[in-house]
Amino acid sequence: MDQENLETPYAGPAAGWGALKHSLKHLAQEKALLSGAQALWRMNKPGGFDCPGCAWPEPGKVSHAEFCENGAKAIAAETTRKTVTRDFFGEHTVEELSTWEHYGLEQQGRLAEPMRYDAASDRYVPISWSDAFATVGKHIRSLANPDELVLYTSGRTSNEAAFLYQLFGRLVGTNNFPDCSNMCHESSGAAMGESVGIGKGTVSLEDFEAAEAIFIFGQNPGTNHPRMLSELQRAAKRGCKIVSVNPLIERGLQEFLHPQDVLGMALNRSSAISSLYLQPLVGGDLAVIKGLIKCVLERASEKGVEKDGKSGAILDTEFIAKHTSGYEEMREDILSTSWSRIENQSGLSRAQIQEAAEIYMTSRKTIACWAMGLTQNKHAVLTIQYLINLMLLKGNIGRPGAGLCPVRGHSNVQGDRTVGITEHPKAEFLEALGKTFSFTPPTHSGMDTVSAIEAMHAGKVGVFIGMGGNFAAATPDTAVSEEALRRVGLTVQISTKLNRSHVVHGKEALILPCLGRTEIDMQAGKPQKVTVEDSMSMVHASQGTNAPVTAHILSEPAIVTGMAMAALPDSQVDWEGMRADYGKIRDKIAAVFPDFGDFNRKIEKPGGFHLRNSAREREWRTATGKARFVTGPLADLTVPPGYLRLMTLRSHDQYNTTIYGLDDRYRGIKGERRVVFIHPDDMREFKVDKGERVNLVSLDEGGRERIAEGFLVVPYLLPRGCAATYFPEANVLVPLDSIANKSRTPNSKFIVATIRKLPKTSDI
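Let us look at the structure shown here. Along each chain, numbering runs from 1 in the same order as the chain's sequence is written. In keeping with the model being predicted, local features are shown solely for residues with a pLDDT of at least 70 and side-chain atom pairs are shown and tallied solely at 80 or more, while totals for entire chains, interfaces and linings include all residues. Water and hydrogen atoms play no part in the side-chain values, which are based on all heavy atoms of the structure.

## Quick notes on the sheet that holds strand S14 (residues 403–406)
Argument step 1. In this analysis, strands are considered paired if DSSP registers two or more bridges between them. Here a helix means four or more residues in a row that DSSP labels H or I, a strand means two or more in a row labelled E, and each is numbered from the N terminus. Ordered in space as S11-S8-S7-S13-S14, the five strands form an open sheet in which the pairing is parallel. Of all strands in the sheet, those with a lone pairing partner are strand S11 (276–278) and S14, marking the two edges. Strand-to-strand twist across the sheet, computed as the mean angle between neighbouring axes with direction ignored, equals 15°.
Argument step 2. Two residues form a contact once any of their heavy atoms are found within 4.5 Å. Here an angle of 0 to 180 degrees is reported between the N-to-C directions of two axes, which are lines fitted to C-alpha atoms, with helices fitted over the stretch in contact. Across the sheet, helix H14 (residues 285–303) is in contact with strand S7 (213–217) and strand S8 (241–245); its angle to S7 comes to roughly 155°.

## Structural notes on the pattern of salt bridges
Argument step 1. We define a salt bridge as a side-chain nitrogen of Lys or Arg found within 4 Å of a carboxyl oxygen belonging to Asp or Glu. One pass over the structure, following the stated rule, counts 42 salt bridges.
Argument step 2. When the shortest N-O distance is used, the salt bridge between Glu 519 and Arg 110 registers 2.9 Å. Of the two residues, Glu 519 is situated in the loop between strand S17 (508–513) and strand S18 (522–523) and Arg 110 in strand S3 (residues 110–111); the sequence distance between them amounts to 409 residues.
Argument step 3. Only protein chains enter the accessibility calculation, which uses a 1.4 Å probe; a residue whose area is less than 20% of its type maximum is buried, one above 50% is exposed, and one in between is partly exposed. Take Arg 110: its relative accessible area is 0%, and that puts it in the buried class.

## Describing the pairing of strand S5 (residues 123–126)
Each regular strand carries side chains that alternate between the two faces of the sheet.
Argument step 1. Where strand S4 (residues 115–118) meets S5, four bridges bridge the pair, whose relative direction is antiparallel. Within S5, the residue paired with Arg 116 across the bridge is Val 125.
Argument step 2. Between S4 and the antiparallel strand that follows it, S5, lie four residues; Asp 122 among them carries a positive phi value of about 55°.

## Looking at H14
Since the α-helix packs 3.6 residues into each turn, any two residues three or four apart lie on the same face.
Argument step 1. Helix span, as expected, comes to 1.5 Å for every residue beyond the first. End to end, H14 covers 27 Å across 19 residues, agreeing with the expected 27 Å (1.5 Å per residue, within 8%).
Argument step 2. The element H14 is extensively covered by neighbouring structure, given that 15 of its 19 residues are classed as buried.
Argument step 3. Just past H14, the residue Gly 304 takes up positive phi, approximately 80°.

## Some thoughts on the side chain of Glu 113
Argument step 1. Structurally, the position occupied by Glu 113 is in the loop between S3 and S4.
Argument step 2. The buried category is assigned to Glu 113, whose relative accessible area is 12%.
Argument step 3. Between N or O atoms, a polar contact is any pair within 3.5 Å; within protein, one atom must be a potential hydrogen donor and the other a potential acceptor, and residues adjacent in sequence are included only when both atoms are from side chains. Engagement of the side chain of Glu 113 in a polar contact is seen with the side chain of Arg 86, the distance being 2.7 Å.
Argument step 4. What Glu 113 contacts, discounting residues up to four positions off in sequence, is Thr 85, Arg 86, Pro 126, Ile 511, Pro 513 and His 552.

## Structural notes on the packing of aromatic side chains
Argument step 1. Here a Phe, Tyr or Trp ring, Trp counted by its six-membered ring, pairs with any other such ring whose centre lies within 6.5 Å, and the pair is stacked when the planes are under 30 degrees apart, edge-to-face when over 60, and tilted otherwise. Evaluation of the coordinates by the stated rule reveals 21 aromatic pairs.
Argument step 2. The interplanar angle of 75° and the centroid separation of 5.5 Å between the aromatic rings of Phe 88 and Phe 89 together place this pair among those described as edge-to-face.
Argument step 3. When the centroid spacing of 5.6 Å and the interplanar angle of 35° are considered together, the rings of Trp 129 and Phe 133 count as tilted. Of the two residues, Trp 129 and Phe 133 are both situated in helix H7 (residues 129–141); the distance of four residues between them amounts to about one turn of the helix.
Argument step 4. Of note, Lys 588 hangs over the ring of Phe 437, and the distance from its end group to the ring centre comes to 5.5 Å.
Argument step 5. The rule for a charge over a ring is simple: NZ of Lys or CZ of Arg within 6 Å of the ring centre, and within 35 degrees of the ring normal. The lysine or arginine in question, Lys 602, covers the ring of Phe 609, its NZ or CZ lying 5.0 Å from the ring centre.

## A closer look at the sheet that holds strand S22 (residues 609–610)
Argument step 1. Spatial ordering of the open sheet is given by S20-S21-S22, a layout of three strands whose pairing is antiparallel. Two strands close off the open sheet at either side, each with one partner strand: strand S20 (530–533) and S22.
Argument step 2. As paired strands, strand S21 (residues 538–542) and S22 are joined by two bridges and run antiparallel to one another. Its bridge partner being in S22, Val 539 is matched across the sheet by Phe 609.
Argument step 3. Along the sheet, helix H8 (residues 159–172) contacts S20 and S21; its crossing angle with S20, the most-contacted strand, is approximately 90°.

## Some remarks on the pairing of strand S30 (residues 722–726)
Argument step 1. Among the five residues in S30, five count as buried, and that is most of the element.
Argument step 2. Neither face of S30 is open: one carries Cys 722, Ala 724 and Tyr 726, the other Ala 723 and Thr 725, and all of them are buried.
Argument step 3. In the sheet, strand S24 (residues 644–649) pairs with S30 via five bridges, with the strands oriented parallel. Looking at S30, one finds that Arg 645 is bridged to Cys 722.

## A look at the nonpolar core
Argument step 1. Throughout this description, the term nonpolar core refers to a set of buried Ala, Val, Leu, Ile, Met, Phe, Trp, Tyr and Cys residues connected via side-chain atoms within 4.5 Å. Val 196, Phe 215, Phe 217, Leu 292, Ile 293, Leu 315 and Leu 393 are the most contacted members of the largest nonpolar core, which totals 59 residues.
Argument step 2. Beyond its immediate chain neighbours, meaning those up to four positions away, Ile 293 contacts Met 330, Ile 334, Tyr 386, Asn 389, Leu 390 and Leu 393.
Argument step 3. Phe 168, Leu 510, Ala 566 and Tyr 582 belong to the second largest nonpolar core, which has 58 residues in total.

## Comments concerning the state of the cysteines
By definition, a disulfide links two cysteine residues through a covalent bond between their sulfur atoms.
Argument step 1. Put simply, a disulfide is two cysteine sulfurs that come within 2.5 Å. Per the counting criterion, the structure on display carries zero disulfides.
Argument step 2. Cys 184 carries a free sulfur, and the closest cysteine sulfur to it, the one in Cys 180, is 5.3 Å from it.

The structure is reproduced here in structure tokens:
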């Protein structure tokens, strides 16, 4: 690769002509110009299907083209005409495929038929669906303990499939339901559950139309949730102040040009997004938020708001008194924290934090948004709880134009949890599930992602089933996670496309190809609908409109019911009936979860229906019966000399572990993924040059090194002492036991790492 062309500075706005150009490029690359274009026209519209990408909600009034660049890439990947057939597997051993990069595997196309691993030839060979189900059933029935079964779930799975999946596992006798939430927004759920009594965001799209200020922490919507930029653009145009807090300058938070803005596109006229952009140290968000709260409390004290007890613009003392607990303890913690400590740990000056605080204090209605920049470090839960503390000070939860907005990733990651995908099920849910299906569910906690890897590595898991996702690529501590998978008796991957998890497998392995979101799901001669829940608790129907890529793939509900009938031959559950008619699945969901009452009728309404959110209605299901000000210490995040605060992130041609291409347009990267972004002054300190190949080295608490090899150095304006690189390539650097307090989320946004130059004799 030409290293001089590695970094091409990007000066244009997010989206705009570039988004249209690259959407068409990916459709052409996947040989899906016709099928993909037809699918895009029906995506995110009533009577069509829900985007298989992010969980950002659809507006009440949809446009002619309700999709973004990333949605177009997802559709191109799913509607591709390229297929992975038995001939492909006949030509390549698994050992060979295990040397391929993630991108190369995914570019082979859609999986065409069920396959099993043949150890003698080291190849995948065809297997019938009936034999595949029988294999799963035999292995599950032979387990010594139900907890030797692990059922992993991706957030692209529908509510119907997820509900059947958790029912299947609990009938076997386990609560081992690790899922992608464990690695992303688990910290959000843990924090919000303790503070406000529900782990979901409290806002709707309508609130973005009324907010006077929007604070965005640790999020890059231009790449990860592009449709969010439309709301931010509208808010900015009407005068809403937007404060972005992110160690990296992200183009989508600076400028945006909506591709459907005809005049703007014709004149290439973009809109500014952020009113203020702060770049804290990686991991410095807790200090930033404590600084914001300190500004509010100091101003309130100056104005006498706290002393006379009157409600004012600085504090909503009436709300604090009526709806919260723990205020005085939190106040004492903040006022006893020095500004010098806040500045040192945040990397920002008092003046910078004060400028952001002024925006918060003068706003009557504020929304706080965040993503994985806040959720994936050791103090993630406490950081989010202090952000909630900040919002509680002015009563910014439970009223129009204000609230909490964790911006989740995959399209139904929130819905999966709602219908029972959790390793810590609540007693009332288990009671309702048992009553509905006439059995006694297991009550003990199951395994999350990290504990599942530990159990697999220890040889304590006999069967691992992954429904969607790419477990081998998504998980931390790559070498350990992959070795763990190889120690499992049977691994089963329910997937649409070839990925790393198919070539890192158990002693026996199955690949079970499933329908994509865009494809017609025909059961018992009738087309079926599934449902999803977006990140703002709207539940709506999704119905594929394209013909399946081959005749030999099944829907996820059909696969789950097939496995369940094979593993539980004496089950009294009407698996056949629910497979034939998904409306019967929804009836059972409604029987278990009262909020889904009249489920089948409600999804006939365009846009679906909203699930009740207790915190939005100022009903606090917490230990104190009120919203809680949670208090905790500001930890010292100083790293040893010669080390950096490294964070992992996505490229623009990526969605979670799916790699659509090798470019990162907004960061100026072309044709390369093994890059590390560092400040030019840090480059000089480490004596490395632009385009030089280096190794990234992290240490675990036991002093053992983890090495990610051969990364190109890219100068970038992020805070001194910080660095960034892409996952999953850098997941090897995250120790398995480096996890967030309470949520156990891997610390991918705070890796203590150093740069090690390669020997001069190396091939650079």
